[in-house]
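# Architecture and fold: a report
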Amino acid sequence: MKSGGTDLTKGPIAPLLLKLTWPMILGLLGMVMFNLADTYFIGKVGVDELAAMGFTFPVVMVYNSFALGIGIGTSSLMSRSIVSEKRQILRQYASEAILLGLSFVFVVVIIGQLTIDPLFRTIGASEKILPLIRDYMSVWYWGMLMVVIPMVGNNIIRATGDTLTPGMFMTISAIINIIVDPFLILGYGPFPMLSLKGAAIATVIGRGIGMVLTLYILVKREKLLTIFLPRLKEIVRTWKKILYIAAPAAASILITPLSIGIVTRIISKFGEEAVAAFGIVSRMEMFSLILVNALGSVMIIYAGQNWGKRKVRRLIRGFNIGVLFAMGWGLLLFIVAQLWANPIASIFSGNAEVIRITSEYLLIVSFSYVFQGILMVGINVFNGINKPMPSAGLTALRMFGLYVPLAWMASVYWDLGGVFWSAFLANILTGTLTYTWLWKYLKKKETVNVDDQSQ
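Residues numbered from 1 in each chain as written. Predicted model: local features only at pLDDT ≥ 70, side-chain atom pairs only at ≥ 80, totals over all residues. Heavy atoms only, no water.

### Some details on a nonpolar patch on the surface
Under the convention used in this document: Each patch is assembled from residues with relative accessible area greater than 30% and no salt bridge, linking like charges that lie within 9 Å and nonpolar side chains (Val, Leu, Ile, Met, Phe, Trp, Tyr) that lie within 5 Å. Each accessible area value is a Shrake-Rupley result obtained with a 1.4 Å probe; residue values ignore everything except the protein chains displayed when judging cover. The working definition used for a salt bridge is a side-chain nitrogen of Lys or Arg within 4 Å of a carboxyl oxygen of Asp or Glu. The numbering of helices and of strands both runs from the N terminus, where a helix is a DSSP run of H or I of at least 4 residues and a strand a run of E of at least 2.
The grouping of Leu-18, Trp-22, Leu-26, Leu-164 and Met-168 at the surface amounts to a nonpolar patch, some 470 Å² of accessible area in total. Those elements giving two or more residues to the nonpolar patch turn out to be helix 1 (13–45) and helix 7 (164–185). A per-element tally of the nonpolar patch places helix 1 first, with three residues. Structurally, Leu-164 is set in helix 7.

### Remarks on the environment of Ser-75
For the record, the criterion: For this analysis, residues touch if any pair of their heavy atoms sits within 4.5 Å.
Counting through the fold element by element, Ser-75 comes out in helix 2 (residues 47–81). As a C-alpha pair, Ser-75 and Asn-155 span 80 residues in sequence and 5.2 Å in three-dimensional space. Excluding its chain neighbours within four sequence positions, the residues that come into contact with Ser-75 are Asn-155, Ala-159, Ile-300 and Ile-301.

### Observations concerning the environment of Leu-295
Going by this rule: Each residue's exposure class comes from its accessible area (1.4 Å probe, protein chains only) as a fraction of the maximum for that residue type: buried when under 20%, exposed when over 50%, partly exposed otherwise.
The residue Leu-295 is located in helix 11 (residues 290–308) in this model. The class for Leu-295 is buried, based on a relative accessible area of 6%. Through-space distance from the C-alpha of Leu-295 to that of Thr-21 is 5.4 Å; in sequence the pair is 274 residues apart. Not counting residues within four places of it along the chain, the set of residues in contact with Leu-295 comprises Thr-21, Gly-322, Phe-325 and Val-377.

### Topic: the packing of aromatic side chains
The criterion, for reference: The aromatic pairing rule takes the rings of Phe, Tyr and Trp, using the six-membered ring of Trp, and pairs them if the centres are within 6.5 Å, calling planes under 30 degrees apart stacked, those over 60 edge-to-face and the rest tilted.
A complete count under the given rule lists 14 aromatic pairs for this structure. Both rings, one in Trp-140 and one in Tyr-141, keep their centres 5.8 Å apart while their planes meet at 70°; by these two values the pair is edge-to-face. Neither residue differs from the other here; Trp-140 and Tyr-141 are each classed as buried. Aromatic side chains Trp-421 and Phe-424 sit 5.2 Å apart centroid to centroid with 75° between the ring planes, which places their arrangement in the edge-to-face category. Of this pair, Trp-421 and Phe-424 both sit in helix 16 (residues 416–447), three residues apart, which is roughly one turn of the helix. Through a chain of ring-to-ring contacts, the aromatic side chains of Tyr-63, Trp-140 and Tyr-141 assemble into a single cluster.

### Topic: unusual backbone geometry
Positive phi is not limited to glycine here, since Ser-195 has a value of about 55°. Mapped onto the fold, Ser-195 is located in helix 8 (residues 195–221). Non-glycine residue Asn-386 carries a positive phi angle of around 70°. Inspection of the secondary structure assignment puts Asn-386 in the loop between helix 14 (369–384) and helix 15 (388–413).

### Section: the packing of helix 6 (residues 144–159) against helix 8
Here is the rule: With axes taken as lines fitted to C-alpha atoms, and helix axes fitted only over the stretch in contact, angles between N-to-C directions fall between 0 and 180 degrees. Less than a right angle of anticlockwise turn of the near helix away from the far helix marks a crossing as left-handed, whereas a clockwise turn marks it as right-handed. Basically, the charged four are Asp, Glu, Lys and Arg, the nonpolar ten are Ala, Val, Leu, Ile, Met, Phe, Trp, Tyr, Cys and Pro, and anything else, Gly included, counts as polar.
In the contact formed by helix 6 and helix 8, the axes pass within 8 Å of each other and the chain directions differ by 35°. The way helix 6 lies across helix 8 gives a crossing that is left-handed. Counted together, Leu-145, Met-146, Val-147, Ile-149, Pro-150, Met-151, Gly-153, Asn-154, Ile-156 and Ile-157 of helix 6 and Val-204, Arg-207, Gly-208, Gly-210, Met-211, Thr-214, Leu-215, Ile-217, Leu-218 and Arg-221 of helix 8 form the full contact between these two elements. Tallied by class, residues from the contact of helix 6 with helix 8 come to 13 nonpolar, five polar and two charged.

This is how it looks when you write it as structure tokens:
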């Protein structure tokens, strides 16, 4: 392996996964913390601003899903190729992936700026909230370059087996964002109070520094970027390989914010306090599942390298270790939510109704995090072994097959608590199905001697 890379087809599995996962936790924790910091400081401004941020959350996730999908496709391709391809081929893959990211940014900036008002009216934003949303999104769209390039670039670095460097860069970006937040959002010191626009500017600043650091590593240390690209035909061929994973992966990731947007629309009938509370718990779930999310990102490259070397038995063992971790972490989250749901909710809002609704969600949904974690580990293994369709299908089943229709029926025939029980049921059913499907598939491959190498 080159530079900071690690061969994931050798050595004890659990210590290796731990070694790779903790830097990812650090980086993802930073990203989630800046989202929570945004929520915290915006909550100090007012309920209208908090509700406006609740509306922006699913839309921001939509565009991030496309970018992350490109990153996942690149990571899968690179991790499966790194054990066999020449360095020049890897350099070509990496450079063409960055070019694909740049093309995506160009499209997003144009479409995004032209659709702010009609889009947010469609998902239920009132005319009172719309100017606040416009303040945030108009800045955020222009900053998409600083979001997309680090996503793709960090996935390239991870594919080599180095998760520490991207984790550090994500943490640095988040720390800068959090430091800048109170100055621009609340107007500390000589700065004007910019509210939601300040939150967007802080995000662009933090992510921009992360982009510079990521590109520096790709160019100087890994030497994986070049300006001498091949003919368009070869670029398109590489894009097809990336998009074979990226399109279903992006669709899979996209399903979640789209469904959250629909559920936000459903919940909006219960009032702006309900929307604000749902925006809070959406961000809190990102935070609470961060360890499993980090492990899932690691499982892509772990599965990719071992699948490339035809070490299916080793891959099964790693998958089972990941599942056990997800179950343990989910049970811990359940205990914490049952004991401290109300104090946790009180951190993000002083509004009594927002606190009540947030607490109710945590008390109902928290046990299902055990199964949601299993789902997250499993779909990343599917992506790592170049099987993106089951990943997209399972996510679609969870959100559009179960959560959204059940939430709609609950809102009509029951109450807001019924919407939350819909999330609980969707997580349990799809988590169980994910484990059963993937375990049987891998065991079948092992039985037909795909794994013909000893440990």
